[in-house]
Amino acid sequence: MKVDGKVMEKVIELKDVWTRYGNQVILEAVNLELEEPSGLLGIIGPNGGGKTTLLKVFLGLLKPYRGSVKLFGKSPEKSRDLVGYVPQYKRFDFDFPISVWEVVLTGRMSHTGFLKKYSDEDKKAAEDALKTVEMFQYKDRQIGQLSGGQRQRVFIARALATNPKLLLLDEPNSGLDPHMQDELYRLLDRLKKDMAIIMVTHDLSAVSIYVDRIACLNRKLHYHNSREIPVEDLEATYQCPVELIAHGVPHRVLEKHNGGS
Amino acid sequence: MFDLLQYSFVQNALAAAVLASIACGIIGVYVVVKKIVFISGGIAHASFGGIGLGYYLGINPMFGVLPFSILSALVMGTVSKKSKIPEDSAIGILWSLGMALGIIFVSLTPGYAPDLMTYLFGNILTVPRFDIYLMLALDLIIVGVVYLFYKEFLSLCFDEEFTTVQGVPTQKLYLLLLCIIALTIVVLIKVVGIILVIALLTIPATLSRKFTHDLKRMMLISTLFGTVISVAGIGLSYALDAPSGATIILVLSLVYGVVAFGMEMLEGRGTLN
């Protein structure tokens, strides 16, 4: 995945990262290196496997007690204007008195600075982001007045308003019907030309044909820099027979397995 | 009725009603949308410690409650987020601790504590001119802080985690929000008293939410509601010779009940069979 004439920059570099909650280890010796252009990385794993924790490590919201985290060669705190974040959808209060436009503008705060009004540049970036996700015509709507898929696109626009070089999505497909999920993936497929994208999901069937690489996470991260998952990794991640969890997964994601069902 | 306006206590009462409505109209909106009613109630009640301290030191209790409410806000905001015990338990403990301190201070004060009931339940008809100036100054601070931090507060209330990721110091911002809630409580004390403050912080804002989806307009509408209803409450309490703070809250609750019920009836039509 080399591009001629471009200096390769490491998007993410995690070395031996450990985190815990109380006495329980959540992430164990996680190593991950992503180089530009990295396309769309899907991180799958069961609920409670540490996926959201790993995203929080990327975002600098959680400090590992061991190991180092670098984004674009800097600490997560120093690379905030390069990272766009789409949080888990179910956290929101959709009755909140805020319009689509105001939501997307909040994605500019890492650029605008404290105590300043949003500049014309901020407004232009918000407008572009809304146009990218084809939601500009809804800019004056209160977010509760949108469908699930439309809201998800607004939150992606908020992340895009940052002009990120890395886009992080936490379970972006939850709560979306299959048609809306497909639209989401096509959008991500367009976006990945301009930025690295990491998407976390517990839903194996969501790992669609658009994903370029896959990693499995259940405390340990299994990652082979490819879009194929060795069956042993899947079994180690989910700790159950692969036949069961492989149901409904596009076949090309799974490696051919001798004697498999 | 207009003859009444010549009395300075009536003029003061009306000024107090307007100033209180501005503070609770603006800050109540944050309290409601950020769902921090309980911690706001905690700050209000814990502030009683400051009133007791004022009596004990022999100073105007308003000068006791001002620093004490800010201190309560800072301690509550920090402890509830940082400690290992659940947030609501931490608030419950500090809530009663502040009140207990107040009672101890009052009991240590030699002689009789005049106007104690005024601080607990409010009496808008006895607000002195000095307190009006204090309320005006606090209103100016509140409006100024909200003007400066409007976009940060909006993002904080909507999505605290994302705001942190944007590089905004959200913990400090949250403490600032709690501090201006504390100032609002000080503004409201003379109107409805510490015990009833939470009604003014929640009812006008909740009511305004039924009419708009815009935060700024919510602030405007809840300020208007607060003003109209508290003036009506003052009139009613004068006419009925009833306690003013409690009367204002009864009118507020009544209006809220009628509006909420009426709108549910209207919305129910057409959406339900």
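A short tour of the structure in this document, coming up. Predicted model, so just to flag it, every value in this text is computed and none were measured. Each chain has its residues counted from 1, following the order in which its sequence is written. For naming, the first written chain is A and the first written ligand is 1, with later ones following in the order written. Only residues with pLDDT of at least 70 are given local features in this predicted model, and only at 80 or more are side-chain atom pairs given and counted; all residues enter the totals for whole chains, interfaces and linings. Excluded from the side-chain calculations are hydrogens and water; all other atoms, namely the structure's heavy atoms, are used.

**A short note on the overall build of chain B**
Each helix corresponds to a stretch of at least 4 residues labelled H or I by DSSP, and each strand to a stretch of at least 2 residues labelled E; elements are numbered beginning at the N terminus. Helix and strand content of chain B: 12 helices and zero strands. For chain B, the sequential pattern of α-helices and β-strands runs α-α-α-α-α-α-α-α-α-α-α-α. Per-residue burial for chain B yields a buried fraction of 54% across its 273 residues. What makes two residues a contact is simply this: any of their non-hydrogen atoms within 4.5 Å. Across chain B, every contact between residues at least 6 apart in sequence was considered, and the portion connecting residues at least 24 apart equals 78%. With the model as given, the accessible surface of chain B reaches about 12,100 Å², and the carbon-plus-sulfur share is 72%. Only protein chains enter the area calculation, which uses a 1.4 Å probe; residues under 20% of their type maximum are buried, those over 50% are exposed, and those in between are partly exposed. For every accessible area listed, the method is Shrake-Rupley and the probe measures 1.4 Å; residues are considered covered only by the protein chains on display.

**As for the interface of chain A and chain B**
Chain A puts 33 residues into the contact, and the matching count from chain B is 28 residues. With both chains or domains summed, chain A and chain B bury close to 2,800 Å², and 63% of this area falls on carbon and sulfur atoms. Each salt bridge in this description consists of a side-chain nitrogen of Lys or Arg and a carboxyl oxygen of Asp or Glu lying within 4 Å of one another. At the boundary of chain A with chain B, the tally comes to four salt bridges. Any N or O atom pair separated by 3.5 Å or less is treated as a polar contact, with the protein-specific requirement of one donor-capable and one acceptor-capable atom, and with residues adjacent in sequence counted only for side-chain atom pairs. Across the chain A-chain B interface, the total number found is nine residue pairs in polar contact (both at pLDDT 80 or more). Elements that contribute at least two residues to the side of chain A that touches chain B include exactly α1 (51–59), α2 (100–105), α3 (109–112) and α5 (148–161) of chain A. Broken down by element, the side of chain A that touches chain B gets its largest block of residues, three residues, from α3(A). Using a 1.4 Å probe, buried area is obtained as the accessible area two parts lose upon being combined, added over both of them.

**Notes on the sheet that holds strand β8 (residues 213–218) of chain A**
Whenever strands of a sheet pair, they do so through backbone hydrogen bonds, lying parallel or antiparallel. Residue and element names in this part refer to chain A. Each pair of strands is called paired provided DSSP finds at least two bridges between the two strands. In space, the six strands of this open sheet follow the order β5-β6-β7-β3-β8-β9, with mixed pairing throughout. The open sheet has two edge strands with one neighbour each: β5 (83–86) and β9 (220–223). Shown here is a sheet whose adjacent strand axes are inclined to one another by a mean of 20 degrees, direction ignored. Strand direction decides the pairing type here: strand β3 (residues 40–44) and β8, joined by four bridges, are parallel. Angles run from 0 to 180 degrees between N-to-C directions of axes, and those axes are lines fitted to C-alpha atoms, restricted for helices to the stretch in contact.

**So, the sheet that holds strand β1 (residues 10–21) of chain A**
Residues and elements named next belong to chain A. With antiparallel pairing, the three strands of this open sheet are ordered in space as β2-β1-β4. The two strands at the open ends of the sheet, each matched to only one other strand, are β2 (24–35) and β4 (66–71). Taking the axes of each pair of neighbouring strands and ignoring which way they run, one obtains an average angle of 20 degrees across the sheet. One ladder, built from eight bridges, connects β1 with β2; its direction is antiparallel. Paired with Lys-10 across the bridge in β2 is Glu-35.

**Some thoughts on the side chain of B:Ser237**
Residue and element names in this part refer to chain B. Along the chain, Ser-237 turns up in helix α11 (residues 215–240). A polar atom in the side chain of Ser-237 sits 3.0 Å from the backbone oxygen of Ile-234. Excluding residues that lie within four positions of it along the chain, Ser-237 makes contacts with Leu-125, Ala-242, Pro-243, Ser-244 and Thr-247.

**What to know about the pattern of salt bridges**
Between side chains of opposite charge, a pair can form when the charged atoms approach closely. Residue and element names in this part refer to chain A. Counted by the stated rule, this structure contains 23 salt bridges over all chains. Put simply, Asp-16 and Arg-66 hold a salt bridge, and the shortest N to O gap is 3.0 Å. Placement of the pair is Asp-16 in strand β1 and Arg-66 in strand β4, with a sequence separation of 50 residues. For Asp-16, a relative accessible area of 26% translates into the label partly exposed. We classify Arg-66 as partly exposed; its relative accessible area is 43%. Between Arg-219 and Glu-28 there is a salt bridge, with the nearest N and O atoms lying 3.1 Å from each other. Placement of the pair is Arg-219 in the loop between β8 and β9 and Glu-28 in strand β2, with a sequence separation of 191 residues.

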